[in-house]
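Listed below, chain by chain, are the residues.
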Amino acid sequence: MAKVDLVKVGNNLLKSDETGKSVELLSLWQDQPVVLFFLRRFGCQVCRWMATEISKLEPDLRANGVALVGVGPEEFGLKEFKEGGFFKGPVYVDEHKKSYKDLGFKRYTALSLVPAALGKKVRDAASKASAEGIQGNFSGDLLQSGGMLIVAKGGEKVLMHFIQDSPGDHLALEDICKALGISANAKAGQMPVCNDDVCTR
């Protein structure tokens, strides 16, 4: 887990999907612990599946005073993402992808994306998404990766900093709960597969 400079990351501005106003990232952990889910893109089938998985924890997180927040790297596909009901929390957009950069979320090259997208983790994730009727599209920035940041109330410390290595990488629900020191009733689903048809075009 790379060291996270919470002051630097916290000063980044995110645009609220609900209000259209910009807020400092640090405002999200000022009054409560927060689970920040950084999506690769809103149209990504695997990202949508991951969003539905993480959202299973929302009632338990809320009961424990923990906020669940989604962050995307661009507005492209956001409307469809919201209409699909994939995520049970407020959504923000990092229009300059500055927090993505500060958190070490890598950018693929056209050459490195194809083998990453064809990997087993991604294929497994996409098949699970398809099984659950979750579809995706190829709009938006295909080269950005994502991850997760879990921060204690008031920015006291980073509880978890997860960086995707492949587009199919995600944290297990129990690992998120463990980082927060809470228990949850959510059961993990089957991860979908991301293949050439799903991720690379």
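On a predicted model such as this, the values are computed, not experimentally measured, just so you know.

Criteria and thresholds
- Residues numbered from 1 in each chain as written.
- Predicted model: local features only at pLDDT ≥ 70, side-chain atom pairs only at ≥ 80, totals over all residues.
- Heavy atoms only, no water.
- pLDDT = per-residue confidence, 0-100.
- Helix = DSSP H or I, 4+ residues; strand = E, 2+ residues; numbered from the N terminus.
- Phe/Tyr/Trp six-rings, centres within 6.5 Å; stacked < 30°, edge-to-face > 60°.
- Buried < 20%, exposed > 50% of the residue type's maximum accessible area, 1.4 Å probe, protein only.
- Pairing = 2+ DSSP bridges.
- Axes fitted to C-alpha atoms, helices over the stretch in contact; angles between N-to-C directions.

Visitor: Can you break down the confidence of the model for the protein chain residue by residue, with the values?
Guide: Per-residue confidence for the protein chain averages 84 on the pLDDT scale, and 75% of its residues sit at or above 70. Highest mean pLDDT in the protein chain belongs to strand β3 (residues 34–38) (98); lowest belongs to helix α9 (residues 196–200) (52).

Visitor: Explain the packing of aromatic side chains to me, using residue names and the numbers behind them.
Guide: Taken as a whole and assessed by the stated rule, the structure comprises six aromatic pairs. Taken together, a centroid distance of 5.2 Å and an interplanar angle of 55 degrees make the contact between phenylalanine 38 and phenylalanine 105 tilted. Of this pair, phenylalanine 38 sits in strand β3 while phenylalanine 105 sits in the loop between α5 (98–102) and α6 (110–117), and the two are 67 residues apart along the sequence. Each member of the pair phenylalanine 38 and phenylalanine 105 is classed as buried. An aromatic cluster is defined as three or more aromatic residues linked by ring pairs; in this entry it consists of Phe38, Tyr100 and Phe105.

Visitor: Report on the sheet that holds strand β4 (residues 67–72), specifying residues and quantitative values.
Guide: Where strands meet in a sheet, backbone hydrogen bonds hold them as pairs that are either parallel or antiparallel. A sheet is described by the order of its strands in space; here seven strands give the open sequence β2-β1-β5-β4-β3-β6-β7, paired in mixed fashion. Both outer strands of the open sheet, β2 (22–24) and β7 (158–163), are each paired with one neighbouring strand and no more. Sheet twist, expressed as the mean angle between neighbouring strand axes with direction ignored, is 30 degrees. Pairing geometry for strand β6 (residues 147–151) and β7, over five bridges, is antiparallel. Bridging across to β7, isoleucine 150 finds its partner in methionine 160.

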